[in-house]
Amino acid sequence: MTEELRRFGEALFRHWLPLLTGGVVMAGFGALEHWVGASVPWPYYAAVAVIFFLYSSFAAWRDEFRERRRLEELARPKLSLNYSGMRQRPEVQDIGPIPVGPADFVDSRLFRVSVTNESTVSITGAQVVLEAVESEQRDAFFPGHGLRVMGRADPSPRFDIAAGATQWVDLAGYELRSSGESYFVPYAELGARIIPIGRHVLVLRADGGGMPSRARVVVSCPDEGKFEVEEFRRV
């Protein structure tokens, strides 16, 4: 309590003293006395001092309030979704070719988005969810389900992430077999689900205790060629 009163007194004095000694009102009183050749009655000085005291009390509280909001903002959980398009691991990873039979093989490529914890606190239970889909074949997607965490075998989409750290989440990919090519989205709980040929818009949401982070991802699944991320934009 004593420490709090001392700090409040210091903040109050820091605002009050400049007003009493160098404020416009006090300077005006001095100019008025010089002009009329008489002293301004002391009740006027006292009234102004009281007004300055009340304002200084508010200013001291305001400074503390702003500092608290700044610290709360730094400590608030904050995730950001990112995709650089540089086609480097772990953002893009080639797997294979892996033989699966006498005359068959699997050659696949995974595309990932990164999730960065931009706050000063660790976040537990974060996840990246496919929130919405814009596509003529929307029924092939499963909005509301979490995406698979990179390198994880268990079906949980949730992960813990330390302050300033980055986690990777599988976004989509393709498999090339001797019999043909297919595209898929790797959900955590549902597993890899095939998506059709075409151009699809995926809305991702990163949840982690604070305000969710969203990104709009345009993916292309061509009839000939390979899967591509055409556009990534945070929204």
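Below, the structure is looked at part by part.

About the criteria used
Residues numbered from 1 in each chain as written. Predicted model: local features only at pLDDT ≥ 70, side-chain atom pairs only at ≥ 80, totals over all residues. Heavy atoms only, no water. Patch = residues over 30% accessible without salt bridge, like charges linked within 9 Å, V, L, I, M, F, W, Y side chains within 5 Å. Areas by Shrake-Rupley, 256 points an atom, 1.4 Å probe, with all protein chains shown as cover. Salt bridge = Lys/Arg side-chain N within 4 Å of Asp/Glu carboxyl O. Helix = DSSP H or I, 4+ residues; strand = E, 2+ residues; numbered from the N terminus. Buried < 20%, exposed > 50% of the residue type's maximum accessible area, 1.4 Å probe, protein only. 1 Å grid on protein atoms, 1.4 Å probe; cavity = no way out; pocket = protein on both sides within 12 Å on 5 of 7 lines; lining within 4 Å. Points joined across faces, edges and corners; volume = space filled by probe spheres on them. Nonpolar A, V, L, I, M, F, W, Y, C, P; charged D, E, K, R; others polar. Pairing = 2+ DSSP bridges. Axes fitted to C-alpha atoms, helices over the stretch in contact; angles between N-to-C directions. Core = buried A, V, L, I, M, F, W, Y, C linked by side-chain atoms within 4.5 Å. Contact = heavy atoms within 4.5 Å.

## A short note on a nonpolar patch on the surface
Here's step 1: On the surface, Y55, F58, W61 and F65 cluster together into a nonpolar patch covering about 430 Å² of accessible area.
Here's step 2: Take F65: it is sitting in helix α3 (residues 42-75).
Here's step 3: Using a relative accessible area of 36% as the deciding quantity, one classes F65 as partly exposed.

## Notes on the layout of surface pockets
Here's step 1: Estimates place the volume of the largest pocket at around 340 Å³.
Here's step 2: The wall of the largest pocket is formed by E4, L5, R7, F8, A11, R14, A60, W61, D63, E64 and E67.
Here's step 3: Mapped by element, the contributors of at least two residues to the lining of the largest pocket are α1 (2-22) and α3.
Here's step 4: Here the lining of the largest pocket gets six residues from one element, more than from any other, and that element is α1.
Here's step 5: For the lining of the largest pocket, a count of residues per class yields five nonpolar, no polar and six charged.

## Quick word on the pattern of salt bridges
Here's step 1: Per the stated rule, a full pass over the model turns up eleven salt bridges.
Here's step 2: For R112, the salt bridge is made with D170, and the minimal N-O distance between the two is 2.6 Å. A residue pair is termed long-range when its members are at least 10 positions apart, and R112 in strand β3 (residues 104-117) and D170 in strand β6 (residues 166-177) qualify at 58 residues. Grouping residues by exposure puts R112 and D170 together as buried.
Here's step 3: Linking R233 and E231 is a salt bridge whose minimum nitrogen-to-oxygen distance equals 3.3 Å.
Here's step 4: In this structure, a network of salt bridges that share partners links the residues E131, R205, D207 and R214.

## Quick word on the sheet that holds strand β5 (residues 159-161)
The strands that make up a sheet pair up through hydrogen bonds in the backbone, lying either parallel or antiparallel.
Here's step 1: Pairing is antiparallel in the open sheet, where five strands are placed in the order β5-β4-β9-β10-β11. Two strands in the sheet have a free side with no partner beyond their single neighbour: β5 and β11 (228-234). Neighbour-to-neighbour, the strand axes of the sheet open up by a mean angle of 35 degrees, direction not taken into account.
Here's step 2: For strand β4 (residues 123-134) and β5, the ladder comprises two bridges, and the chain directions are antiparallel. Directly across from I123, in β5, lies its bridge partner I161.

## Observations regarding the nonpolar core
Here's step 1: L81, L171, L204 and F227 are the most contacted members of the largest nonpolar core, which has 35 residues in total.
Here's step 2: The element contributing the most residues to this core is β4, with five residues.
Here's step 3: In contact with L81, not counting residues within four places along its chain, are V113, S114, V115, V128, L204, R205, A206, S213, R214, A215, F232 and R234.

## A word on the side chain of T116
Here's step 1: Relative to the elements of secondary structure, T116 occurs in strand β3.
Here's step 2: Excluding anything up to four places from it in sequence, T116 contacts K78, L79, S80, N82, I161, A165 and T166.

## Re the environment of E175
Here's step 1: Along the chain, E175 turns up in strand β6.
Here's step 2: On the basis of relative accessibility, which here comes to 25%, the residue E175 falls in the partly exposed class.
Here's step 3: For the pair E175 and K226, spaced 51 residues apart in the sequence, the C-alpha separation amounts to 9.5 Å.

Note that all results are geometric; they support no functional claim without further evidence.
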